[in-house]
Amino acid sequence: MSDFEAKLSKYADLAVKIGVNVQPGQALVVNAPITAAEFVRLIAAKAYEAGASQVKVNWSDERITRLQFEHAAPEIFSKAPTWYAGEITEFAENGAAVLSVIAEDPDALKGIDPVRIAEYQKTRGAALSKYREFIMSDKISWSIVAIPSQAWADKVFPDVPAEERVNKLWDAIFHTVRLDREDPVAAWQEHLNTLEEKATVLNAKKYKKLHYVAPGTDLTIELPEGHLWAQGDSINENGHTFVANMPTEEVFTAPLKTGVNGTVRSTKPLSHGGNIIDGFTLTFENGKIVSVSAEKGQDTLEHLINLDEGAKYLGEVALVPHHSPISESNILYYNTLFDENASNHLAIGTAYAFCLEGGKSMTQEQLEERGLNSSVTHVDFMIGSAEMNIFGVTNDGTEEPVFLNGNWAF
Ligand code: ZN
Ligand code: ZN
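Residues numbered from 1 in each chain as written. Chains lettered and ligands numbered in written order. Predicted model: local features only at pLDDT ≥ 70, side-chain atom pairs only at ≥ 80, totals over all residues. Heavy atoms only, no water.

Undergrad: A description of the coordination of the zinc ion (ligand 2) should follow, citing residues and the corresponding values.
TA: Protein coordination of the zinc ion (ligand 2) is provided by Glu-316 (OE), His-378 (NE2), Asp-380 (OD) and Asp-380 (OD), with donor distances spanning 2.1 to 2.5 Å. For the zinc ion (ligand 2), the 4 donor atoms are set out with angles of 55 to 133 degrees between them, so the coordination reads as irregular. The sequence pattern describing where the donors of the zinc ion (ligand 2) fall on their chain is E-x61-H-x1-D. Separation of the zinc ion (ligand 2) from the zinc ion (ligand 1) amounts to 3.4 Å, with Glu-316 serving as a shared donor to the pair. (Donors = N, O, S within 2.8 Å, 3.2 Å for Na, K, Ca; no water. Tetrahedral: all angles 85-135°; square planar, octahedral: opposite > 155°, others 65-115°.)

So this is what it looks like as structure tokens:
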């Protein structure tokens, strides 16, 4: 076995055992592009080794997706077939774990009519609303991992000779998921403990608001009563832990839907639906996005926030130190799974139910009453930098430093 094959095998192990943590008798659904076939076969083998009852793979292909956007009949985008959401929802109802393997070309849908993309996202998002509840309330185990594709590597390393780019991206990914450590599983355990310590401090503080100050940013985010800070590992309905994002460097909670005021400026490009949005500013009044301006991708950004009412509000507040391994690698991934873990970020759209005390067992209506946002979408965007200060505002209005110059103040 070559060194690469050994690492790939360990990576599949990590995805199955730490990522979705497949249990004996449990089904595993894998969403993956056809370019990931070799890796997905390893995953299937590891999952069966762990006792999986069944491994169901949903293959996709970016070129076919692009052809569909270019040529398919209009009704394909405005109407999601019932089987589409039915299958994954049924798997979720039966307690399956869901692993998504991504290898996206950040420009896969460049030039495609953004109205068509937005319509597609909206109908799929609505069709998947029941499934999304399983995810947003941690009922089932789910995880996302990434592998390189040539197009993605070309975008990340344009200055490296073409034939070396994919290997360079593999090395970068292996580093971010700690596969270059002696014992990756132990390294993950230690890392997750560190994140939990930060969440514990914030949970004890119970700040009323966070105040963000950075060039182009002056933003206040109120946190709902009973908010909970969460980190990398989660626990599903059956008491099994899983890690939803690999890598993960964030500690996060839900904002009060109507409690966001001021202006925030993005600090990294956002690859969304096969298009790039960059250099953008959002202005909020009582939680609602009242104006947006982007140097690049204004159309895509406008379509995003007009998907539904909830897409005009925030659903996540996440803290990531500027001194994280991904951030220090200084690589711009054009992929949110990586870029969000190099930067403080926020998310437009739906909030995680588990970010509220007792939230996992609340209905959607109850969550909304408590101030959590809901939407057909959830899109993280990056706002952190070495120049960002964040203050926690206590109930009596005192401001305490949480982040100074981009890093934890405690
Ligand atoms: Zn996040
Ligand atoms: Zn998010």
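The discussion continues.
Undergrad: Which residues make up the coordination of the zinc ion (ligand 1), and what values do they have?
TA: Surrounding the zinc ion (ligand 1) are the protein donor atoms Glu-250 (OE), Glu-316 (OE), Glu-340 (OE), His-345 (NE2) and Asp-380 (OD), at 1.9 to 2.7 Å. Mapping the donors of the zinc ion (ligand 1) onto the primary sequence yields the spacing E-x65-E-x23-E-x4-H-x34-D.

Undergrad: Now, about the sheet that holds strand E4 (residues 142-146): what can you tell me, with residues and values included?
TA: A sheet is described by the order of its strands in space; here 4 strands give the open sequence E2-E1-E3-E4, paired in parallel fashion. The sheet terminates laterally at strand E2 (54-60) and E4, the two strands that pair on one side only. Within the sheet, the average angular offset between the axes of one strand and its neighbour, ignoring direction, is 15 degrees. Alignment of strand E3 (residues 97-102) against E4, held across 5 bridges, turns out to be parallel. Paired with Val-101 across the strands is Val-145, a residue of E4. Contacting strand E1 (27-33), E2, E3 and E4, helix H2 (residues 37-49) crosses the sheet at an angle of about 165 degrees to E2. (Pairing = 2+ DSSP bridges. Helix = DSSP H or I, 4+ residues; strand = E, 2+ residues; numbered from the N terminus. Axes fitted to C-alpha atoms, helices over the stretch in contact; angles between N-to-C directions. Contact = heavy atoms within 4.5 Å.)

Undergrad: How would you summarise a negative patch on the surface if you had to cite specific residues and measurements?
TA: Judged by side-chain charge, Glu-133, Glu-365, Glu-368 and Glu-369 come together as a negatively charged surface patch. With 3 residues, helix H14 (residues 364-369) is the single largest residue contributor to the negative patch. Tracing the backbone shows Glu-368 in helix H14. (Patch = residues over 30% accessible without salt bridge, like charges linked within 9 Å, V, L, I, M, F, W, Y side chains within 5 Å. Areas by Shrake-Rupley, 256 points an atom, 1.4 Å probe, with all protein chains shown as cover. Salt bridge = Lys/Arg side-chain N within 4 Å of Asp/Glu carboxyl O. Lys, Arg positive; Asp, Glu negative; His and termini not counted. Charge placed at Lys NZ, Arg CZ, Asp CG, Glu CD.)

Undergrad: Report on the domain arrangement of the protein chain, specifying residues and quantitative values.
TA: Segmentation of the protein chain into domains returns domain 1 (3-176) and domain 2 (204-228 + 249-408). For domain 1 versus domain 2, the separation of C-alpha centres amounts to 24 Å. Together domain 1 and domain 2 conceal approximately 2,600 Å² of surface at their shared face, both sides included; 64% is due to carbon and sulfur atoms. On the domain 1 side of the interface with domain 2, the three residues burying the most area are Pro-106, Met-136 and Thr-176, jointly 23% of the side's total. Linking domain 1 with domain 2 are 0 salt bridges, by the criterion used here. Seen at the junction of domain 1 and domain 2, the total is 7 residue pairs in polar contact (both at pLDDT 80 or more). Those elements that place two or more of their residues in the side of domain 1 that touches domain 2 are helix H6 (114-127), helix H7 (129-136), E4, helix H8 (150-156) and helix H9 (162-176). If you tally residues by element for the side of domain 1 that touches domain 2, the top one is H6, at 8 residues. (Domains from an automatic or database assignment. Buried area = accessible area lost by both parts, 1.4 Å probe. Polar contact = N/O pair within 3.5 Å; in protein donor to acceptor, adjacent residues only side chain to side chain.)

Undergrad: Tell me about empty space enclosed by the protein, and please be specific about residues and values.
TA: Going through the model one piece at a time under the given rule, you end up with 1 cavity of 30 Å³ or more. Within this model, the largest cavity holds a volume of roughly 80 Å³. Taken together, Pro-114, Ile-117, Ala-118, Gln-121, His-272, Gly-273, Asn-275, Thr-300, His-303 and Leu-304 form the lining of the largest cavity. The dominant element in the lining of the largest cavity, judged by the number of residues it contributes, is H6, at 4 residues. Partitioned by chemical class, the residues of the lining of the largest cavity number 4 nonpolar, 6 polar and no charged. Looking at which domains feed residues into the lining of the largest cavity, each of domain 1 (3-176) and domain 2 (204-228 + 249-408) supplies at least three. (1 Å grid on protein atoms, 1.4 Å probe; cavity = no way out; pocket = protein on both sides within 12 Å on 5 of 7 lines; lining within 4 Å. Points joined across faces, edges and corners; volume = space filled by probe spheres on them. Nonpolar A, V, L, I, M, F, W, Y, C, P; charged D, E, K, R; others polar.)

Undergrad: So, the nonpolar core: which residues are in play, and what are the values?
TA: The biggest cluster of nonpolar side chains holds 50 residues, and the ones touching the most others in it are Tyr-11, Leu-28, Phe-39, Ile-43 and Val-101. Looking at this core, you find at least three residues from each of domain 1 (3-176) and domain 2 (204-228 + 249-408). Among residues more than four places away in sequence, those in contact with Ile-43 are Ala-12, Val-16, Leu-28, Val-30, Leu-99 and Val-101. (Core = buried A, V, L, I, M, F, W, Y, C linked by side-chain atoms within 4.5 Å. Buried < 20%, exposed > 50% of the residue type's maximum accessible area, 1.4 Å probe, protein only.)

Undergrad: I'd like a description of the side chain of Glu-340, backed by residues and values.
TA: In this structure, Glu-340 sits in the loop between helix H13 (336-339) and strand E16 (345-349). An unpaired buried charge is present at Glu-340: no salt bridge exists, and Lys-268, the closest side chain of opposite charge, is 12 Å distant. Ignoring sequence-local partners within four residues, the contact set of Glu-340 consists of Asn-245, Glu-250, Glu-316, Val-320, His-345, Asp-380 and Met-382.

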